[in-house]
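Chain residues, written in single-letter form:
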Amino acid sequence: MEHVTRIEVSGVDPYPILVGRALLGEVGKALGPAVQKVMIIHPEALAVSAEALREELLAQGYEAIVAGIPNSEDAKRVEVAAFCWGILGQSDFTRSDAVIGFGGGSTTDLAGFVAATWLRGVKLIQVPTTLLGMVDAAIGGKTGINTQEGKNLVGVFYAPSAVICDLDTLVTLPRNEILAGYGEVAKYGFIDDVRILELIEADVALATDPTSAQFREIIERSIAIKARVVGADFKESGLREILNYGHTLGHAIEHAERYKWRHGAAIAIGMVFVAELARLAGRLDDAAVDRHRSVFNLLGLPTTYQADKWPQLLATMQRDKKSRAGQLRFVVLDAIGKPTIMTAPPAETLFASFQEICE
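Quick caveat: nothing in here was measured; it's all calculated off a predicted structure.

Attention now moves to the overall build of the protein. A tally of regular secondary structure across the protein gives 14 helices and eleven strands. Overall, the protein is about 60 × 40 × 35 Å in size when its C-alpha atoms are taken along their principal axes. A burial count over the protein gives 56% of its 359 residues as buried. For the protein, contacts bridging at least 24 residues in sequence account for 74% of all contacts bridging at least 6.

Given below as structure tokens:
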């Protein structure tokens, strides 16, 4: 087997993240001998792959069942969680059994929520199959579902026992899926590791090719940042807030688009918005703001949005879970690699920043 990179997440409930190729055989090892029953939660689009994983686990002696859920954000509804709880109940799952999240970020968010709430917590293994899932959603223990009022407003923090990132699952993904995942990847470059941005700028084709050495380096660097931050601040009481760079407006855009947009596309616009906000506040220079646009242009991600949506976006942001006592909070940069928090920026500054990203 090719070299496997092991990245540790520290904290109260530490766990490993494995990165490599042909890793699905590692899932059974992560479950351990105490587990008897396993439910694999997967999107409908991955039914064949989920069945292959089930067969692998059956061969290892586990009782394995599959639960197919809707694709993408349609999975993150309380009705879908209830469907999964029903299967767990009918199959007599106990606290010694396990749930596997097998799919993209929406699937791992939902699977984590189901595992955390069934019997107040059963073992969870996350097997992300999208770039976004690998570098962000499956790591850190954030679980959640959406409501009519906004994204991820219902959820809990619940650490998995392991995260297994098999890069081979990305090879057949459509290119637009890879590029959308690069919204989160670029975020890590802007808030922490400029090497990620340099690799994208040097050769975007190689940087976004799942078979290249550059791609693997970028993914491992991104995962290492997420692991370090969430290990130091599991429940987002401080440092972890920096991971929300671009997300306040980005989540509002996703809500406005009824979750039909790719997450990476929405937060790309969100990052350009907060870069403009930091510039207007005298924190960030013009070159750094321009670099946001140039990186996202290379990746084919949007940097503008509809001007007439501002009232709706502002109302959604004010309900965002990152707000405190009705005050908006934004992660901004003092320089690339130097994130900080801006609290309650003036309404006119917010509006002026939005004007800079209007179509």
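Moving on, there is more to tell.
Glancing now at the side chain of Asn-152. Here Asn-152 shows up in strand 8 (residues 150-154). Residue Asn-152 is classed as buried on the basis of its relative accessible area of 18%.

Here we take up the pairing of strand 9 (residues 162-166). Within strand 9, five of the five residues are buried, which leaves the element mostly enclosed by the surrounding structure. Residues Ala-162, Ile-164 and Asp-166 point to one face of strand 9 and Val-163 and Cys-165 to the other, with burial holding for every one of them. Relative to strand 9, strand 2 (residues 15-20) runs parallel, the two sharing four bridges. The partner of Val-19 across the bridge, within strand 9, is Cys-165. For strand 6 (residues 123-128) and strand 9, the ladder comprises two bridges, and the chain directions are parallel.

Their axes nearest at 6 Å, the elements helix 6 (residues 175-191) and helix 11 (residues 263-280) cross at an angle of 35°. Along its contact with helix 6, which presents Ala-180, Gly-183, Glu-184, Lys-187 and Phe-190, the element helix 11 presents His-263, Gly-264, Ile-267 and Met-271. A breakdown of the residues in the contact of helix 6 with helix 11 according to their chemical character gives four nonpolar, three polar and two charged.

Let us now look at the packing of aromatic side chains. For the coordinates displayed, the defined rule picks out eight aromatic pairs. Taking 6.2 Å as the distance between ring centres and 45° as the angle between the ring planes, the aromatic pair formed by Trp-85 and Phe-113 counts as tilted. In this pair, Trp-85 sits in helix 3 (residues 78-90) while Phe-113 sits in helix 4 (residues 105-117), placing the two residues 28 residues apart along the sequence. We classify Phe-113 as buried; its relative accessible area is 7%. Look at Phe-190 and Phe-296: their rings are 5.9 Å apart centre to centre, the planes differ by 50°, and that puts the pair in the tilted class.

Looking now at helix 2 (residues 47-59). Helix length check: helix 2, at 13 residues, gives a terminal C-alpha distance of 18 Å against a target of 18 Å (1.5 Å per residue), a fit within 8%. Elements that come into contact with the buried residues of helix 2 comprise helix 1 (26-31), strand 3 (37-43), strand 4 (63-69) and strand 5 (98-103). Two residues or fewer past helix 2, Gly-61 is found with a positive phi of approximately 100°.

Here we take up unusual backbone geometry. Phi at Leu-119 takes a positive value of approximately 55°, unusual for a residue other than glycine. Structurally, Leu-119 can be placed in the loop between helix 4 and strand 6. Relative accessible area serves as the criterion here: at 35%, Leu-119 is assigned to the partly exposed category. Its identity is not glycine, yet Tyr-259 carries a phi of approximately 60°, on the positive side.

Quick look at the side chain of Thr-130 now. Within the secondary structure, Thr-130 is located in the loop between strand 6 and helix 5 (131-137). Judged by its relative accessible area of 15%, Thr-130 is buried. Setting aside its immediate chain neighbours within four residues, Thr-130 contacts Gly-103, Gly-104, Gly-105, Leu-170 and Leu-173.

Turning next to the pattern of salt bridges. Under the defined criterion, the tally for this structure stands at 24 salt bridges. When the shortest N-O distance is used, the salt bridge between Lys-187 and Asp-136 registers 3.9 Å. One end of the pair, Lys-187, is in helix 6; the other, Asp-136, is in helix 5, with 51 residues separating them in the sequence. Its relative accessible area of 0% is what places Lys-187 among the buried residues. The residue Lys-151 makes a salt bridge to Glu-254 at a minimum N-O spacing of 2.7 Å. Linking Lys-151 in strand 8 with Glu-254 in helix 10 (residues 247-256), this pair joins segments that are 103 residues apart in sequence. Exposure remark for Glu-254: the relative accessible area of 1% places this residue in the buried category. Here the residues in one salt-bridge network are Asp-136, Glu-184, Lys-187 and Lys-226, joined through shared partners.

Conventions we followed
Residues numbered from 1 in each chain as written. Predicted model: local features only at pLDDT ≥ 70, side-chain atom pairs only at ≥ 80, totals over all residues. Heavy atoms only, no water. Helix = DSSP H or I, 4+ residues; strand = E, 2+ residues; numbered from the N terminus. Buried < 20%, exposed > 50% of the residue type's maximum accessible area, 1.4 Å probe, protein only. Contact = heavy atoms within 4.5 Å. Pairing = 2+ DSSP bridges. Axes fitted to C-alpha atoms, helices over the stretch in contact; angles between N-to-C directions. Nonpolar A, V, L, I, M, F, W, Y, C, P; charged D, E, K, R; others polar. Phe/Tyr/Trp six-rings, centres within 6.5 Å; stacked < 30°, edge-to-face > 60°. Expected span 1.5 Å × (residues − 1). Salt bridge = Lys/Arg side-chain N within 4 Å of Asp/Glu carboxyl O.

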